[in-house]
Amino acid sequence: MQRIKDAHVERLVEQIGEHYRSNISNRFLRPLLLQLPVDKNTLDLMEIITEKIESFNNQGFHLDELYRQIAACARFADIARNGMPSLKNRLNADPKSPDKILRDMAANNFASNLKVFTDLLNELYITLVDLDKHNAGKNKPVFSQIPELANIDRLLAGSH
């Protein structure tokens, strides 16, 4: 399968992982995010793109796997976006916590941080599609052969 070794792609994947770890799956939100109805396969694919960037730096990314990881993150974002009101209520349940201000900031900024996450994913997706089309020549590009990408625009934009 085709590998992508591109500095811009690598930088975007690093940004996605850093943003996800710092602003979405942080110590305040992670316990609540694990309660969302997200299947194990989606979580596993998300973990690869958000946590394990080092393993790809030397050899590049498998294009089909990267597309599937983006699709998994988009599914997660859609589920998280729809579960946001209950997340916020559960996060604000303990008013006496010593970290109340930080917890409130995490809750109040969750929607905008999720938007930044999906914007980064979308930028990565568009970059990959451009590279994919260019590299495909007369063959079918890889993205057109992956069913999980059929509604990727809707999932990343948050529209139903």
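See above for the structure.
Residues numbered from 1 in each chain as written. Predicted model: local features only at pLDDT ≥ 70, side-chain atom pairs only at ≥ 80, totals over all residues. Heavy atoms only, no water.

Q: Would you mind going over the packing of helix 3 (residues 40–51) against helix 4 (residues 63–82) with me for this structure?
A: Between two packed helices, both the angle of their axes relative to each other and the distance between the axes serve to describe the pair. Where helix 3 contacts helix 4, the axes come no closer than 8 Å and their chain directions differ by 115°. Seen along the crossing, helix 3 lies across helix 4 with a hand that is left-handed. Contact residues: helix 3 offers Thr42, Leu45, Met46, Ile48 and Ile49, while helix 4 offers Leu66, Arg68, Gln69, Ile70, Ala72, Cys73, Arg75 and Phe76. Broken down by class, the residue content of the contact of helix 3 with helix 4 amounts to nine nonpolar, two polar and two charged. (Axes fitted to C-alpha atoms, helices over the stretch in contact; angles between N-to-C directions. Helix = DSSP H or I, 4+ residues; strand = E, 2+ residues; numbered from the N terminus. Left-handed = near helix turned anticlockwise from the far one by under 90°. Contact = heavy atoms within 4.5 Å. Nonpolar A, V, L, I, M, F, W, Y, C, P; charged D, E, K, R; others polar.)

Q: Which parts of the structure should I look at to understand the packing of helix 1 (residues 7–24) against helix 7 (residues 110–136)?
A: Helix 7 packs onto helix 1 with a crossing angle of 165° between their chain directions and a minimal axis gap of 10 Å. Relative to helix 7, the element helix 1 is oriented roughly antiparallel. Here helix 1 runs over helix 7; the crossing is left-handed. Contact residues: helix 1 offers His8, Val9, Leu12, Val13, Gln15, Ile16, His19, Tyr20, Asn23 and Ile24, while helix 7 offers Phe110, Asn113, Leu114, Val116, Phe117, Leu120, Leu121, Glu123, Leu124, Thr127, Leu128 and Leu131. Here the residues of the contact of helix 1 with helix 7 are counted per class, giving 15 nonpolar, six polar and one charged. (Parallel < 35°, antiparallel > 145°, perpendicular 65-115°, else oblique.)

Q: What is the right way to look at helix 4 in this model?
A: One turn of the α-helix equals 3.6 residues, which is why residues spaced by three or four share an orientation. In this model helix 4 runs 29 Å from its N-terminal to its C-terminal C-alpha over 20 residues, within 8% of the 28 Å that 1.5 Å per residue would give. Counting buried residues in helix 4 gives 15 out of 20 residues, a clear majority hidden from the surface. (Expected span 1.5 Å × (residues − 1). Buried < 20%, exposed > 50% of the residue type's maximum accessible area, 1.4 Å probe, protein only.)

Q: Teacher, can you tell me more about a nonpolar patch on the surface here?
A: A cluster of nonpolar residues, Ile101, Leu102 and Met105, forms a patch on the protein surface that exposes about 310 Å² of accessible area. Within the fold, Ile101 resides in helix 6 (residues 100–108). (Patch = residues over 30% accessible without salt bridge, like charges linked within 9 Å, V, L, I, M, F, W, Y side chains within 5 Å. Areas by Shrake-Rupley, 256 points an atom, 1.4 Å probe, with all protein chains shown as cover. Salt bridge = Lys/Arg side-chain N within 4 Å of Asp/Glu carboxyl O.)

Q: For this particular structure, what's the right way to read the packing of aromatic side chains?
A: Aromatic ring pairs are reported here in terms of the distance separating the ring centres and the angle at which the planes meet. A full pass over the atoms with the stated rule returns four aromatic pairs. Plain terms: the ring middles of Tyr20 and Phe76 are 6.0 Å apart, the flat faces sit at 75° to each other, and that makes the pair edge-to-face. Taken as a pair, Tyr20 in helix 1 and Phe76 in helix 4 lie far apart in primary sequence, 56 residues in all. Across this residue pair, the class does not change: Tyr20 and Phe76 are buried. In this structure an aromatic cluster arises from ring pairing among Tyr20, Phe76 and Phe117. (Phe/Tyr/Trp six-rings, centres within 6.5 Å; stacked < 30°, edge-to-face > 60°.)

Q: It is not clear to me how the side chain of Ser25 should be interpreted in this structure. Could you clarify?
A: Looking at the secondary structure, you find Ser25 in the loop between helix 1 and helix 2 (30–33). Setting aside anything within four residues of it in sequence, one finds Ser25 in contact with Tyr20, Arg30 and Leu33.

Q: Is there a simple way to think about the pattern of salt bridges in this case?
A: Between side chains of opposite charge, a pair can form when the charged atoms approach closely. Inspection of every chain in the model, using the stated rule, returns six salt bridges. When the shortest N-O distance is used, the salt bridge between Lys40 and Asp44 registers 3.0 Å. Of this pair, Lys40 and Asp44 both sit in helix 3, four residues apart, which is roughly one turn of that helix. Given a relative accessible area of 59%, Lys40 falls into the exposed group. Asp44 sits in the partly exposed class, given a relative accessible area of 30%. For Asp78, the salt bridge identified is with Arg81, shortest N-O distance 3.4 Å. Linking Asp78 with Arg81, this pair stays in helix 4, spanning three residues, or about one helical turn. We classify Asp78 as buried; its relative accessible area is 10%. Residue Arg81 is classed as buried on the basis of its relative accessible area of 19%.

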